[in-house]
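# An overview of the molecular structure
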Amino acid sequence: MLIQLWIAESLIEERTNERLEDIGNNVFHSIVSQGFIVPLSCDFNDGRPKYKVSDNNISNIQQFSSNGYLLVEDVVPGFKLSDKWGDTSQLSHLSLHGKIDLITFEAIKKCEYLRTLLINPRHDSCIKLVPWDLFLRLNLLRALKLSQTHISQLPSSIANVKSLRYIDVSETPIITLPESIGSLHKLLTLKLRGCTCFVALPKGMKNLTKLQHLDLDIVGQLSPMPSGMGNLINLQNLSGFIVDRDDGFHICELKNLNNLRGEICISRLERVPNSEEAMEAALLTKNYLNKLELRWSDLRVEEAEVEEGILECLQPHSGLKELHILFYGGSKLPSWFGHPSFADLTAIRPITLYKFKNCQFLPSLGELPSLKFLYIAEMNTVSEVDYRFCRNREDQGHHAFPKLEILKFDVMLKLEGWMGVQNGDFPSLVKLTLVYCPKLNTLQLFHHCPKLISMPNEGLPSSLEFLLIKDCPELKEQCSKGKGQDWCKIAHAPSIWIVISTSLSLGPPLTLLLLYTNRNLSPQQ
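About the criteria used
- Per-chain numbering applies: the sequence of each chain, read as written, is numbered from 1 onward.
- In keeping with the predicted nature of the model, local features appear solely for residues at pLDDT of at least 70, side-chain atom pairs appear and are counted solely at 80 or more, and the whole-chain, interface and lining totals rest on all residues.
- Note that water and hydrogens are dropped before the side-chain values are worked out from all heavy atoms of the structure.
- We count a stretch as a helix when DSSP gives it H or I for four or more residues in a row; a strand needs E for two or more, and each element gets its number in order from the N terminus.
- Contacts are assigned to residue pairs with any non-hydrogen atoms lying within 4.5 Å of each other.
- Per-residue and other accessible areas follow the Shrake-Rupley method at a 1.4 Å probe size, with only the shown protein chains counted as cover for residues.
- When a residue's accessible area, from a 1.4 Å probe over protein chains only, is under 20% of the maximum for its type it is buried; when over 50% it is exposed; and in between it is partly exposed.
- Relevant arc is that of directions from the helix axis to the C-beta atoms, nothing else.
- Two strands form a pair only when DSSP identifies at least two bridges running between them.
- Interaxial angles span 0 to 180 degrees and are taken between N-to-C directions of axes, which are lines fitted to C-alpha atoms, for helices over the stretch in contact.

### Digging into the overall build of the protein
Of the regular secondary structure elements, the protein holds 12 helices and 24 strands. Long-range pairs, those at least 24 residues apart, make up 54% of the contacts in the protein with a sequence separation of at least 6. Put simply, the protein shows about 24800 Å² of open surface, and 50% of that area lies on carbon and sulfur atoms.

### Structural notes on helix α8 (residues 304-312)
Every buried residue of α8 is listed here: E307, E308, I310 and L311. The arc that holds every buried residue of α8, seen down its axis, measures 165 degrees, which confines them to one face.

### A few points about unusual backbone geometry
Phi angles above zero are rare outside glycine, and R268 is one such case at about 60 degrees. Mapped onto the elements, R268 comes out in the loop between β12 (262-267) and α7 (275-280). If you check the backbone angles, F327 has positive phi at about 60 degrees while not being a glycine. Residue position: F327 is located in the loop between β14 (322-326) and α9 (335-338).

### Focus on the sheet that holds strand β16 (residues 373-377)
Working definition: the strands of a sheet are paired by backbone hydrogen bonds and lie parallel or antiparallel to each other. One open sheet accounts for eight strands, arranged β11-β12-β13-β14-β15-β16-β18-β20; its pairing is parallel. With partners counted over all chains shown, the strands left at the sheet margins are β11 (240-242) and β20 (431-435), one partner each. Mean inter-strand twist for the sheet, computed between neighbouring axes without regard to direction, equals 5 degrees. Note: strand β13 (residues 289-295) against β14, five bridges, orientation parallel. Across the sheet, L292 pairs through a bridge with L323, a residue of β14.

### Topic: the sheet that holds strand β8 (residues 189-191)
A sheet is described by the order of its strands in space; here eight strands give the open sequence β3-β4-β5-β6-β7-β8-β9-β10, paired in parallel fashion. The outermost strands of the open sheet, each flanked by one partner alone, are β3 (69-75) and β10 (237-238). In terms of strand pairing, β3 meets strand β4 (residues 93-98) through five bridges, oriented parallel. Looking at the pairing, Y69 lines up with H93 of β4.

In structure tokens form, the structure reads like this:
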């Protein structure tokens with residue numbers, strides 16, 4: 001927020017080939033390193049840190065009040081701005097904290113040269129509307145913050161403030177924005193995060209061609225997108241895009257939005273008619289995206305071949321850090337999943353594959369060098385996991401999933417066997433979770449997983465008939481018959497093999513084999 005306010009007030013000097021946000025970040029960290037601003041706490045909602053001006057510099061801040069800056073922290077009903085500031089016509093930047101009412105707004109109207117207005121209400125503040133004529137007076141305003149108030153709308157007169165660059169109405173019960181907001185051609189930031197009643201962006205959004213930050217849970221809050229979002233080529237934050245079949249809503253609207261950063265969820269992909277249109281989205285050129293979610297709707301008639309072609313054309317760039325694919329209806333995964341170019345995604349960490357209804361085998365993901373978390377759920381046509389999950393060829397000489405730490409399989413109704421794991425695969429695995437795999441009877445996963453220290457908390461499927469644990473010293477102790485803490489989780493399996501390879505200083509390597517062929521038999525060596 002602070003850096004966006006600096007930009008709105010033109011306080012950051014532009015430099016060639018540098019984003020203003022990057023310059024602002026450097027300035028902010030410099031201020032922190034000098035102790036002018038100090039960390040305060042962490043926001044419980046989004047985990048971002050909060051800061052405050054250090055106690056030693058409070059007096060320096062107060063000196064700004066003589067230069068057009070005023071901060072009032074104890075506003076009460078009936079507050080008169082003139083009590084704190086004599087000639088309000090000379091006030092440029094105003095921040096009010098407390099219980100603010102309409103009388104306060106009447107005082108604000110007299111600040112005709114105001115450039116910044118930050119309203120910070122108390123939880124029991126009763127601001128439910130903004131006076132219609134407020135924006136007829138404040139026509140020099142650049143930054144407006146009304147977050148956490150109780151307003152349900154903004155007056156259409158806001159279009160009078162042509163200089164507005166920053167609007168924050170987040171965490172309010174606002175329902176819509178006035179159509180007139182489309183005439184604010186200098187607007188850079190629009191914040192609507194946490195507006196749970198919000199239902200639609202104005203049709204004139206396509207006219208806000210300078211807009212850089214649109215902070216809104218688009219997929220969670222909106223039904224239709226406004227048309228023509230492809231005009232907003234300066235957008236850096238767009239959390240979601242909802243595809244539709246009408247003109248102005250096609251996925252190709254994303255084609256020229258190459259400044260997008262952070263994350264985006266592209267939903268209702270079943271409305272993309274063909275692979276040619278999917279290719280026009282040009283996801284491969286969105287080099288600043290960190291997280292991508294591709295989502296079809298759950299309840300629909302799948303067109304497997306069409307969806308396969310569409311997903312093939314939605315290949316992300318190689319610097320992606322998170323990838324999630326939901327409700328995909330194809331019978332196979334795209335070639336870029338197993339292609340060497342996808343293995344170059346060195347920054348990628350979490351991958352989620354959820355509810356693929358027609359895929360009969362898992363993609364080859366074992367070559368991804370930095371993958372740390374993999375979640376696979378409700379792929380209920382997969383009956384067997386074989387070597388292809390770990391590598392493209394059975395004889396390929398590399399260790400699969402070298403950085404994978406957490407692996408979770410959730411609701412795999414037809415999965416019967418898991419084979420094809422070689423020595424050295426999953427060397428970093430710390431946590432394995434298998435939830436509701438009722439037909440799983442063969443599990444050959446535990447090969448040389450030195451960091452794996454316990455079985456899943458939920459235990460292994462009751463249908464399990466064969467379990468092989470090889471070169472997992474910590475797991476071997478946990479699974480020792482009768483005395484290991486995890487013995488109760490595996491004791492139901494009729495055949496349990498625990499193999500530990502040891503090396504002595506004199507002589508060849510030895511292999512210790514603990515074979516439990518029946519719960520009533522002692523281990524055999």
